[in-house]
Amino acid sequence: MTDLLLFKDIDEPGLDTLEVYERHGGYQALRKALAMSREEVLHELEASAIRGRGGAGFAMGKKASFLPKGTMDKYLVCNADESEPGTLKDRDLMLKSPHMLIEGMVIAAYTISANLAYIYIRGEYDLPATRLERAVEEAKAAGYIGDSILGSDHSMNLWVHRGAGAYICGEETALLDSLEGKRGNPRLKPPFPAVQGLFQGPTLINNVETLSTVPTIIAMGGERYAELGVQNSTGTKVVSVSGNVRRPGNFEIELGISSRDIIYGLAGGPPEGREVKFWFPGGSSSPILTKDDLDLSYDFDTMAKAGSMLGSGSIIVVDDAHSIVDVALKTAEFYRHESCGKCTPCREGTNWTVKMLERIDDGEATPMDLDIMASVQEQIIGNCLCVLGDSMAMPIGSMVEKFRDEFEAHIEAARARNELATTDEAPPEAIIQGAVA
Amino acid sequence: MSAIDPSRVPRFAHGSRVPGWDEAADLTKDPAPMPDPATTPVPEQLRATIEDYMSRYPDRHSAAIPALHAVQLHHGWCSPEGIEQAAAVMRVTPGYLAAVATFYDMLFTEPVGTHQVFVCTNISCSLCGADDLFAAFQEHVGDDAEFNLRSFECLGACDMAPMASIDGSYVGPIAVDEVPAVVEAVRRGEEPLPDRQLSRRKALDPPVIS
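Keep in mind that this is a model prediction, so the values were computed, not measured. (Residues numbered from 1 in each chain as written. Chains lettered and ligands numbered in written order. Predicted model: local features only at pLDDT ≥ 70, side-chain atom pairs only at ≥ 80, totals over all residues.)

### Topic: the overall build of chain A
Part 1 of the reasoning: For chain A, the count of helices and strands is 18 helices and eleven strands.
Part 2 of the reasoning: For chain A, the C-alpha radius of gyration of 23 Å lies close to 22 Å, the compact-globule estimate for 437 residues.
Part 3 of the reasoning: C-alpha atoms of chain A, sized along the principal axes, occupy 85 × 45 × 35 Å.
Part 4 of the reasoning: Expressed as a percentage of the 437 residues in chain A, the buried residues total 57%.
Part 5 of the reasoning: When contacts within chain A are restricted to residue pairs at least 6 apart in sequence, long-range pairs at least 24 apart make up 70% of them. (Helix = DSSP H or I, 4+ residues; strand = E, 2+ residues; numbered from the N terminus. Rg over C-alpha atoms; globule rule 2.2 N^0.38 Å. Buried ≥ 20, exposed ≤ 12 C-beta atoms within 10 Å, placed from the backbone. Contact = placed C-beta atoms within 7 Å.)

Here it is, written out as structure tokens:
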């Protein structure tokens with residue numbers, strides 16, 4: 001286990017204030033970065049090979065390098081609309097160490113010569129947003145944000161923008177629309193935000209955790225950072241473990257440790273007498289993995305090879321006391337609620353899937369409906385404007401594939417229960433319980 | 001009898017059966033114009049807040065969501081009157097702001113109670129019993145109009161599951177038998193379960209819960 005980077009002093013009382021943050025070496029990386037040229041800072045970020053921590057896992061340095069050079073208005077946006085079910089890492093980072101994010105943003109804005117930056121934080125995060133706003137005020141008063149920062153040629157302004165409760169606004173182009181004061185509908189890509197983003201200008205959008213890591217990368221050097229972790233998944237990552245585990249919470253790990261070490265070691269495994277039935281490795285959008293996959297290394301490539309994804313790094317553990325149909329229904333209902341309705345496969349597909357799962361739950365379905373449901377998922381994947389539709393289709397598709405027997409048993413049990421309900425005889429207890437389990 | 005029985009059309013969670021959903025739009029009517037700033041009275045505080053928000057962006061439209069938050073804080077909900085006031089300050093049509101307000105879960109276009117209780121019923125919380133928790137809240141809040149009780153999508157506090165956001169602060173885990181005390185504390189305007197507030201939680205070494 002490596003030393004903690006992001007969570008090093010996280011529980012230090014008062015770390016959210018400038019004074020304590022500076023006492024722990026805060027804003028030294030910014031001084032170092034401003035003494036370097038923009039190309040050198042970008043080179044460090046590329047050398048670190050850090051992949052975006054928000055879900056897509058795109059290399060941060062590469063994304064920053066896509067922005068055109070020149071003197072046009074460019075923007076930096078921090079995606080703090082952390083809404084993926086199971087994810088709570090950004091909450092703690094902003095709550096406990098807001099200055100680390102601000103320092104990372106000033107360095108990133110310097111790198112791409114952006115003069116205006118926004119933190120789009122979800123409206124539900126009232127306390128983290130309040131602390132961020134206070135930290136931004138402190139940073140402005142101390143001259144870390146403003147004109148000619150620390151005597152350099154870099155000037156910028158930064159604002160915290162609160163959202164109002166919409167999962168879709170975590171999608172980068174929907175976030176931009178929302179930040180422009182519209183309904184949060186995703187845009188057609190290309191053009192990508194690096195070319196045409198906020199207010200039609202080139203825009204760099206990164207997750208809170210990615211930007212919070214930037215000061216560390218500058219302080220220790222990109223190449224040294226890249227030595228942490230494994231091939232193609234460098235560095236440390238804050239993973240959120242939740243669901244049926246004894247110690248749910250955030251843990252900073254070095255990428256590439258075994259999933260079993262995270263679920264059983266750090267999070268304490270499922271409650272007494274229970275077993276892991278399946279788990280989402282990267283938020284509820286990721287295809288599920290079962291207990292046979294627990295020994296896989298937790299990194300981007302291994303998760304992709306296993307047919308799932310690391311996503312936002314949020315593990316949701318489900319134990320054997322829960323029915324697959326219930327979890328599938330909860331998942332599908334969430335995406336139906338959050339679908340923005342702009343494109344058809346997602347709007348209709350999520351609604352259809354919920355209706356079919358309800359039929360399965362009510363005993364009105366036949367095993368053939370499972371094939372129809374699986375084919376609906378296939379028709380959603382890759383056919384939507386953004387990944388919200390895929391985010392439902394991938395986990396639901398994987399649940400039907402991996403637990404088809406249980407779905408069929410559930411259909412049969414619910415059907416038998418309905419048949420008994422129409423006769424006068426009192427139903428045998430065993431059948432009722434079979435239908436509920 | 002019409003082909004569709006309106007009472008049998010389910011009310012979808014995303015609000016597709018809003019009042020007037022089955023009435024045709026009057027296409028001969030002009031859209032509501034931008035309110036005249038000279039004749040629309042706007043509370044001074046609200047105007048100052050919205051103007052401050054507008055100054056933060058190169059395009060004033062960006063202030064729509066913060067402005068609606070401000071309207072909600074002032075009026076308790078995004079009332080037609082409040083939307084009209086914000087529209088007068090922002091120099092947009094009320095329809096523009098109403099379109100934004102109806103999209104977001106935290107902007108209320110109908111009057112709501114003053115105490116916001118959002119119970120997370122998403123996957124992680126429901127694995128830990130959130131559906132029972134929400135039912136208990138429904139039972140103890142009853143038809144108290146002071147409360148705006150609703151189930152909510154993942155609030156990003158799965159480590160505190162099952163939890164609720166009570167007047168903006170995260171509290172959890174909440175056991176079903178603690179709900180009456182929590183509801184009472186909210187009624188009295190006190191902080192419920194102070195030792196289980198997010199603000200007092202540590203990030204490292206989360207506690208064992210079971």
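Moving on from the model shown.
### Considering the overall build of chain B
Part 1 of the reasoning: Helix and strand content of chain B: seven helices and four strands.
Part 2 of the reasoning: Across chain B, helices and strands are ordered from the amino to the carboxyl terminus as α-α-α-α-β-α-α-β-β-β-α.
Part 3 of the reasoning: Out of the 210 residues belonging to chain B, those deemed buried represent 41%.
Part 4 of the reasoning: In chain B, once contacts between residues fewer than 6 apart in sequence are set aside, the share between residues at least 24 apart is 59%.

### Here we look at unusual backbone geometry
Note: most peptide bonds trans; most residues except glycine with negative phi.
Part 1 of the reasoning: Cis peptide bonds are those with omega within 30 degrees of zero, and the linkage from Pro-190 of chain A to Pro-191 of chain A qualifies with 5°.
Part 2 of the reasoning: Here Gly-172 of chain B and Pro-173 of chain B are connected by a cis peptide whose omega angle stands at -5°.
Part 3 of the reasoning: The topology assignment puts Pro-173 of chain B in the loop between β4 (169-171) and α7 (179-188).
Part 4 of the reasoning: The residue Asp-205 of chain B is not glycine, and still its phi comes out positive at about 45°.
Part 5 of the reasoning: Residue placement: Asp-205 of chain B occurs in the segment after α7.
Part 6 of the reasoning: You can call Asp-205 of chain B exposed: it has 11 C-beta atoms within 10 Å.

### Remarks on the environment of Pro-128 of chain A
Part 1 of the reasoning: The residue Pro-128 of chain A is located in helix α7 (residues 126-141) in this model.
Part 2 of the reasoning: Overall, Pro-128 of chain A belongs to the buried group, with 27 C-beta atoms counted inside 10 Å.

### A word on the interface of chain A and chain B
Part 1 of the reasoning: In this complex, chain A contributes 54 residues to the contact, which on the side of chain B involves 44 residues.
Part 2 of the reasoning: Those elements that provide at least two residues to the side of chain A that touches chain B are α5 (89-96), α7, β3 (157-162), α8 (172-179), β7 (236-243), β8 (249-254), β11 (314-319) and α13 (324-338) of chain A.
Part 3 of the reasoning: Considered class by class, the residues forming the side of chain A that touches chain B number 18 nonpolar, 21 polar and 15 charged. (Nonpolar A, V, L, I, M, F, W, Y, C, P; charged D, E, K, R; others polar.)

### Let's talk about the sheet that holds β7 of chain A
Part 1 of the reasoning: What the five strands build is an open sheet, ordered β8-β7-β11-β9-β10 (chain A); its pairing is mixed. Here the strands that pair on one side only, and so sit at the sheet edges, are β8 and β10 (289-290) of chain A. (Pairing = 2+ DSSP bridges.)

### So, helix α2 (residues 64-75) of chain B
Part 1 of the reasoning: Counted at 1.5 Å a residue, the expected span for α2 of chain B with its twelve residues is 16 Å, and the 16 Å between its end C-alpha atoms agrees.
Part 2 of the reasoning: Turning to α2 of chain B, its buried residues are Ala-64, Ile-65, Pro-66, Ala-67, Leu-68, His-69, Ala-70 and Val-71 of chain B.
Part 3 of the reasoning: Contact partners of the buried residues in α2 of chain B: β3 and α8 of chain A together with α1 (44-54), α3 (80-90) and α4 (94-101) of chain B.
Part 4 of the reasoning: Of the residues one or two after α2 of chain B, Gly-76 of chain B is the one with positive phi, at around 90°. (Expected span 1.5 Å × (residues − 1).)

### Regarding the sheet that holds strand β2 (residues 147-152) of chain B
All names here are of chain B.
Part 1 of the reasoning: Strands sit in the order β2-β1-β3-β4 across an open sheet of four strands; the sheet is mixed. For this open sheet the edge positions go to β2 and β4, each flanked by a neighbour on one side alone. The mean angle between the axes of side-by-side strands here comes to 25°, regardless of whether they run parallel or antiparallel.
Part 2 of the reasoning: By the bridge criterion, six bridges tie strand β1 (residues 115-120) to β2 in an arrangement that is parallel. Paired with Phe-118 across the two strands is Arg-150, which belongs to β2.
Part 3 of the reasoning: Along the sheet face, helix α6 (residues 130-141) touches β1 and β2 and points at about 155° away from the line of β1. (Axes fitted to C-alpha atoms, helices over the stretch in contact; angles between N-to-C directions.)

### Side note on the nonpolar core
Part 1 of the reasoning: Judged by nonpolar contacts, the single largest core of 189 residues is most densely connected at Met-105 and Trp-279 of chain A together with Leu-68 and Met-163 of chain B.
Part 2 of the reasoning: Counting residues per element, this core draws most heavily on helix α6 (residues 98-112) of chain A, at ten residues.
Part 3 of the reasoning: Excluding anything up to four places from it in sequence, Met-105 of chain A contacts Leu-76, Cys-78, Ala-117, Leu-158 and Leu-211 of chain A. (Core = buried A, V, L, I, M, F, W, Y, C linked by C-beta atoms within 7 Å.)

### A look at the confidence of the model for chain B
Part 1 of the reasoning: Per-residue pLDDT for chain B averages 90, and the proportion of residues at 70 or more is 90%.
Part 2 of the reasoning: Prediction confidence for the complex, expressed as pTM and ipTM, is 0.92 and 0.91 respectively. (pLDDT = per-residue confidence, 0-100.)

### Observations concerning the domain arrangement of chain A
It is common to report an interface's size as the accessible area lost on association of the parts.
All names here are of chain A.
Part 1 of the reasoning: By domain assignment, chain A separates into domain 1 (18-227), domain 2 (230-319) and domain 3 (324-422).
Part 2 of the reasoning: The C-alpha centroid of domain 3 is placed 24 Å from the C-alpha centroid of domain 2.
Part 3 of the reasoning: At the interface, eight residues of domain 2 touch nine residues of domain 3.
Part 4 of the reasoning: The class makeup of the residues in the side of domain 2 that touches domain 3 is four nonpolar, four polar and no charged. (Domains from an automatic or database assignment.)

### So, the packing of α1 of chain B against α2 of chain B
Residues and elements named next belong to chain B.
Part 1 of the reasoning: Taken N-terminus to C-terminus, the directions of α1 and α2 make an angle of 160°; their axes are 9 Å apart at the nearest point. Regarding the angle of α1 to α2, the classification is roughly antiparallel. In this structure, the crossing between α1 and α2 has a hand that is right-handed. Across the interface between the two elements, Leu-46, Thr-49, Ile-50 and Tyr-53 of α1 pack against Pro-66, Ala-67, Ala-70 and His-74 of α2. (Parallel < 35°, antiparallel > 145°, perpendicular 65-115°, else oblique. Left-handed = near helix turned anticlockwise from the far one by under 90°.)

### Describing the pairing of β7 of chain A
All names here are of chain A.
Part 1 of the reasoning: Across the eight residues of β7, eight count as buried, placing the element largely inside the fold.
Part 2 of the reasoning: As paired strands, β7 and β8 are joined by six bridges and run antiparallel to one another. Residue Lys-237 lies in a different strand from β8, and its bridge partner there is Ile-253.
Part 3 of the reasoning: In sequence, β7 turns back onto β8 through a hairpin of five residues.

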